[in-house]
Amino acid sequence: EPEVTQTPSHQVTQMGQEVILRCVPISNHLYFYWYRQILGQKVEFLVSFYNNEISEKSEIFDDQFSVERPDGSNFTLKIRSTKLEDSAMYFCASAGGPRLTNEKLFFGSGTQLSVL
Amino acid sequence: DQQVKQNSPSLSVQEGRISILNCDYTNSMFDYFLWYKKYPAEGPTFLISISSIKDKNEDGRFTVFLNKSAKHLSLHIVPSQPGDSAVYFCAARQGGKLIFGQGTELSVKP
């Protein structure tokens, strides 16, 4: 069964450093997302991406965050200058196969980001 | 701003019995509701969904009920199995994004 793949599974970084989280969505999907879950809290929406541009973003997704789809398969989340409060599990998701529906998201296993 | 709420952080059920997980929402503009299941160290896995124009959707052992007037949905698992033990998230679609509840940890005991 097709799946969303995320790398790395764990990322440790120093505060102020840049990190790039990588995702390979399901190949025929058209909608891409990043969510995150801080330990003990709910899964929160960060950003959605469709047709090579951001379609929606939350207030969490400030100027320190950016997303890119550099080629036909990868979808990345960059945090320019990490803060302690960015420590969380980051989930990539994709949706919208041939029928172009986007209500059912398929999630990757996540990248656990730890900012020290 | 908790638009989607799961008020029970945990639920324990005997194997073979029914598990009922509840979810309340505040925004009547949500057009789709979904349940996701999550094991530790894994991403949420889609379980079942329901459109806001329906009141029930069934898939095998899983049934979701939607009560729009009460802004309430529930997930029924019958019969419950030990492998169902996981965290269950209710989610609602608003535009292009999902808004999640806090999750309910289900434990099914043999």
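On a predicted model such as this, the values are computed, not experimentally measured, just so you know. (Residues numbered from 1 in each chain as written. Chains lettered and ligands numbered in written order. Predicted model: local features only at pLDDT ≥ 70, side-chain atom pairs only at ≥ 80, totals over all residues. Heavy atoms only, no water.)

Engineer: Residues and numbers for the packing of aromatic side chains, please.
Structural biologist: In total, this model carries 18 aromatic pairs over all chains according to the counting rule given. Seen in terms of ring centroids, Y36 of chain B and F46 of chain B are 5.9 Å apart; in terms of plane orientation they differ by 75°. Their pairing is edge-to-face. Residue Y36 of chain B is found in strand β4 (residues 32-38), and its partner F46 of chain B is found in strand β5 (residues 45-51); the two are separated by ten residues along the sequence. Within the aromatic cluster, the residues linked to one another by ring pairs are Y33, Y35, F45, F91 and F107 of chain A together with Y36, F46, F89 and F100 of chain B. (Phe/Tyr/Trp six-rings, centres within 6.5 Å; stacked < 30°, edge-to-face > 60°. Helix = DSSP H or I, 4+ residues; strand = E, 2+ residues; numbered from the N terminus.)

Engineer: With reference to specific residues and values, describe the interface of chain B and chain A.
Structural biologist: At the interface, 20 residues of chain B touch 16 residues of chain A. The contact between chain B and chain A buries some 1600 Å² in all, and 59% of this surface belongs to carbon and sulfur atoms. Across the contact surface, chain B and chain A share one salt bridge. Between E56 of chain A and K97 of chain B there is a salt bridge, with the nearest N and O atoms lying 3.1 Å from each other. For the side of chain B that touches chain A, the secondary-structure elements that each account for two or more residues are β4, β9 (86-94) and β10 (97-100) of chain B. Element by element, the count of residues in the side of chain B that touches chain A is highest for β4 of chain B, at four residues. In the side of chain B that touches chain A, the residues fall into ten nonpolar, six polar and four charged. (Contact = heavy atoms within 4.5 Å. Buried area = accessible area lost by both parts, 1.4 Å probe. Salt bridge = Lys/Arg side-chain N within 4 Å of Asp/Glu carboxyl O. Nonpolar A, V, L, I, M, F, W, Y, C, P; charged D, E, K, R; others polar.)

Engineer: Go over the state of the cysteines with me, naming the residues and quoting the values.
Structural biologist: Counted according to the given criterion, the structure contains two disulfides over all chains. Across the disulfide from C23 of chain A sits C92 of chain A; the S-S distance is 1.9 Å. Here the S-S torsion is close to -65°, and the disulfide linking C23 of chain A with C92 of chain A is therefore left-handed. Of the two residues, C23 of chain A sits in strand β3 (residues 19-24) while C92 of chain A sits in strand β9 (residues 88-95), which places them 69 residues apart along the sequence. Two residues, C23 of chain B and C90 of chain B, share a disulfide whose sulfurs are 2.0 Å apart. When the S-S torsion is -70°, as for the bridge of C23 of chain B with C90 of chain B, the disulfide is left-handed. Of this pair, C23 of chain B sits in strand β3 (residues 19-25) while C90 of chain B is found in strand β9, placing the two residues 67 residues apart along the sequence. (Disulfide = S-S within 2.5 Å.)

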